[in-house]
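Structural overview for review
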Amino acid sequence: MTTPAGAAAPRVGFVSLGCPKALTDSELILTQLSAEGYQTSKTFEGADLVIVNTCGFIDDAVRESLDTIGEALAENGKVIVTGCLGAKAGKDGGNLIQEVHPSVLAVTGPHATQEVMNAVHTHLPKPHDPFIDLVPGAFGEAGIKLTPRHYAYLKISEGCNHRCTFCIIPSMRGDLVSRPVGDVLKEARALFEGGVKELLVISQDTSAYGVDVKYRTGFWDGKPVKTRMLELVQTLAEIAEPYGAWVRLHYVYPYPSVDEIIPFMATGRVLPYLDVPFQHSHPDVLKRMKRPANGEKNLERLQRWREICPDLVIRSTFIAGFPGETEQEFEHLLQFLREAQIDRAGCFAYSPVEGAAANEIPGMLPEEVREERRARFMAVAEEVSTARLQKRVGQTMQVLVDKSVGLGKKGGVGRSYADAPEIDGLVHLLPPEKASKTYKVGDFVKARIVGTQGHDLVGQPV
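Cut-off values and rules
Residues numbered from 1 in each chain as written. Predicted model: local features only at pLDDT ≥ 70, side-chain atom pairs only at ≥ 80, totals over all residues. Heavy atoms only, no water. Helix = DSSP H or I, 4+ residues; strand = E, 2+ residues; numbered from the N terminus. Buried < 20%, exposed > 50% of the residue type's maximum accessible area, 1.4 Å probe, protein only. Contact = heavy atoms within 4.5 Å. Areas by Shrake-Rupley, 256 points an atom, 1.4 Å probe, with all protein chains shown as cover. Phe/Tyr/Trp six-rings, centres within 6.5 Å; stacked < 30°, edge-to-face > 60°. Lys NZ or Arg CZ within 6 Å of the ring centre and 35° of its normal. Axes fitted to C-alpha atoms, helices over the stretch in contact; angles between N-to-C directions. Parallel < 35°, antiparallel > 145°, perpendicular 65-115°, else oblique. Left-handed = near helix turned anticlockwise from the far one by under 90°. Nonpolar A, V, L, I, M, F, W, Y, C, P; charged D, E, K, R; others polar. Salt bridge = Lys/Arg side-chain N within 4 Å of Asp/Glu carboxyl O. Patch = residues over 30% accessible without salt bridge, like charges linked within 9 Å, V, L, I, M, F, W, Y side chains within 5 Å. Lys, Arg positive; Asp, Glu negative; His and termini not counted. Charge placed at Lys NZ, Arg CZ, Asp CG, Glu CD. pLDDT = per-residue confidence, 0-100. Core = buried A, V, L, I, M, F, W, Y, C linked by side-chain atoms within 4.5 Å. Pairing = 2+ DSSP bridges.

1. Observations regarding the overall build of the protein chain
Check the secondary structure of the protein chain and you find 12 helices and 20 strands. Each of the 462 residues in the protein chain was classed as buried or not, and the buried ones make up 55%. Taking the intrachain contacts of the protein chain between residues at least 6 apart in sequence as the baseline, contacts between residues at least 24 apart amount to 74%. Here the protein chain has roughly 19900 Å² of accessible surface; of this, 53% comes from carbon and sulfur atoms.

Below, the structure written as structure tokens:
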């Protein structure tokens, strides 16, 4: 059944919550909706139906997702739910979302484009039978993107083989499934051709890419390429080079295999930036967390990486106040932060997540202790980060422009290789000294760093 000719295309409201991995799921669904002729919007108003892509990782995210579903039901009434929260069981053993909001039309888990489309077809018939190559947007095979035009996330795998005690992602997204290397590289080229200047490689565990398929050899442009992180990164750098674009790596566990990538970063062909989720430093805490790495080895590995690639920037996330964490174990973490010289560190006070094994670990700390440790951690993190930023003053850096006022004549905002979008710092660009100098969003400009401002730098375009 399709919509009669001449009728307005059915409109689907879309809300995407959660991390970049959820965002790429949303992009797949939006691409498919557009390919089938549906109109999409970011609002509930005037929509024939609403899709909410949820996050279920921590309790605050669960609350935000459930509240958003409630708003969509109140304002629109016809709601399909997808995403991580959709895979979560409720107190009575049924589906959590259906227990809280029984009137939703359908619920699916994450990474479920086809199931979502089936639910849409049931409740809002297809407008027409389109040709897939008529997908709107500049990215062709890469589909529709929800990020600004000059950067995009490239998801290389789904799921995770680790069973960290604080995390419920494997129960929602399953074990590691790597995307075929040829498909990943094809999408990357389509993104660069569409004007993307920065590609952010994401997954639950980027270092494990290809483990599930035993690093099988795939094909790209008629050439064999191994389904493995090193070969993937080298080929992405090759594809990015003619476009002068950046490749940035996220969620990289500190396995020995990562050591091979550091010399490649030192050549500048892929950004010397690693997002490594350490979570803690003390071996006993890491054991309770069931983390796939040892704290002491991490420090040695970081020092070795920096010797090979002095420009390397490390961002990481940590948990303070994990069950059973002693004051001595927490002090060990602060010492690690100082010695490891983590450029960008984020920290969560431990929060019990329903369904996580860590809830059974004895020694749950009072909330005020967890929060107080988080605050102490962030004070040290800021101290380290500020000192490292200070060393940038006097350097000339390449900056990717995210915002430009009056073609840059009144200044702008950008990021250096050391800053991933939305999670790291910025470079505040001053008005150029030369009146003829202009720049727009998505341009690269060279800037002399003249000062710091909190977690940010101040640069003078040259």
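2. What about the packing of aromatic side chains?
For any pair of aromatic rings, the description consists of the separation of the ring centres together with the inter-plane angle of the planes. Per the counting criterion, the structure on display carries 8 aromatic pairs. Residues Phe192 and Tyr243 carry aromatic rings whose centres are separated by 5.7 Å and whose planes lie at 20° to one another, so their mutual orientation is stacked. Here Phe192 is found in helix 6 (residues 181-193), whereas its partner Tyr243 is found in the loop between helix 7 (229-240) and strand 12 (246-249), with 51 residues between them in sequence. Measuring from ring centre to ring centre gives 6.3 Å for Phe318 and Phe336, while their planes differ by 65°; the resulting arrangement is edge-to-face. Remark: Phe336 occurs in helix 11 (residues 327-340) and Phe318 occurs in strand 14 (residues 313-320); sequence separation between them is 18 residues. Residue classification places Phe336 among the buried residues on the basis of a relative accessible area of 4%. Among the aromatic residues, those joined into a cluster by ring pairs are Phe278, Phe318, Phe336 and Phe377. Cation over ring: Arg248 sits above Tyr273, and NZ or CZ is 4.4 Å from the ring centre. A cation over a ring is seen here: Arg415 above Tyr151, with NZ or CZ 5.4 Å from the ring centre.

3. Structural notes on unusual backbone geometry
Excluding glycine, most residues fall at negative phi; most peptide bonds, likewise, are trans. One non-glycine residue, Tyr215, adopts positive backbone phi at about 55°. Inspection of the secondary structure assignment puts Tyr215 in the loop between strand 9 (198-202) and strand 10 (217-220). The phi torsion at Gln341 lies on the positive side, around 50°, for a residue other than glycine. Within the secondary structure layout, Gln341 lies in the loop between helix 11 and strand 15 (344-349). Gln341 sits in the partly exposed class, given a relative accessible area of 25%.

4. Looking at the packing of helix 11 against helix 12 (residues 367-390)
Contact geometry of helix 11 with helix 12 gives a least axis separation of 9 Å together with a crossing angle of 15°. Taken together, the axes of helix 11 and helix 12 lie roughly parallel to each other. Viewed along their axes, helix 11 and helix 12 form a crossing whose handedness is right-handed. Here helix 11 contributes Glu327, Phe330, Glu331, Leu333, Leu334, Leu337 and Arg338 to the contact with helix 12, which in turn contributes Arg373, Arg376, Phe377, Val380, Ala381, Glu383 and Val384. Tallied by class, the residues present in the contact of helix 11 with helix 12 amount to 8 nonpolar, no polar and 6 charged.

5. Some details on the pattern of salt bridges
In total, this model carries 24 salt bridges according to the counting rule given. The residue Glu260 makes a salt bridge to Arg228 at a minimum N-O spacing of 3.5 Å. Taken as a pair, Glu260 in the loop between strand 12 and helix 8 (261-266) and Arg228 in the loop between strand 11 (223-226) and helix 7 lie far apart in primary sequence, 32 residues in all. Judged by its relative accessible area of 37%, Glu260 falls in the partly exposed class. Salt-bridge contacts for Asp443 lead to Lys440; the nearest nitrogen and oxygen are separated by 3.5 Å. Put simply, Glu325, Glu327, Glu331, Glu372, Arg373 and Arg376 are held in one network by salt bridges that share partners.

6. Comments concerning a negative patch on the surface
Where like charges cluster on the molecular surface, the negative patch consists of Glu45, Glu64, Asp67, Glu71 and Glu75. Structurally, Glu71 can be placed in helix 2 (residues 59-75).

7. With respect to the confidence of the model for the protein chain
Atomic detail in the predicted coordinates should be set aside for any region of low pLDDT. Confidence in the prediction for the protein chain averages 84 pLDDT; 91% of positions are at 70 or higher. Of the regions scoring below 50 in pLDDT, residues 1-6 engages in 11 contacts with residues more than four places distant in sequence or in other chains. Confidence drops under a pLDDT of 50 for residues 130-139, and excluding neighbours within four residues, the segment shows 15 contacts in the predicted structure.

8. With respect to the nonpolar core
Judged by nonpolar contacts, the single largest core of 57 residues is most densely connected at Leu249, Leu274, Ile342 and Phe377. At 8 residues, helix 7 tops the list of elements feeding residues into this core. Each residue touching Phe377, except ones within four places of it in the same chain, is listed here: Phe318, Phe330, Leu333, Leu334, Leu337, Ala345, Gly346 and Cys347. In this structure, Leu200, Leu271, Val427 and Leu429 belong to the second largest nonpolar core, which totals 24 residues.

9. Re the pairing of strand 17 (residues 412-415)
One face of the sheet, then the other: side chains in a regular strand alternate in exactly this way. Burial along strand 17 is two-sided: the residues Gly412 and Gly414 and Val413 and Arg415 are all buried. Alignment of strand 16 (residues 396-404) against strand 17, held across 4 bridges, turns out to be antiparallel. Across the sheet, Leu400 pairs through a bridge with Arg415, a residue of strand 17.

10. Some points on the sheet that holds strand 1 (residues 11-16)
In space, the 5 strands of this open sheet follow the order 2-1-3-4-5, with parallel pairing throughout. Taken across any chain shown, the strands that pair with only one partner, and hence form the sheet edges, are strand 2 (39-41) and strand 5 (106-107). Bridge count between strand 1 and strand 3 (residues 49-54): 5 bridges; the pairing is parallel. Within strand 3, the residue paired with Val12 across the bridge is Leu49. With respect to the sheet, helix 2 is in contact with strand 1, strand 3 and strand 4 (79-83), its orientation differing from that of strand 3 by roughly 180°. Strand contacts of helix 4 (residues 113-123): strand 3, strand 4 and strand 5, with the helix running at about 160° to strand 3, the strand carrying the most contacts.

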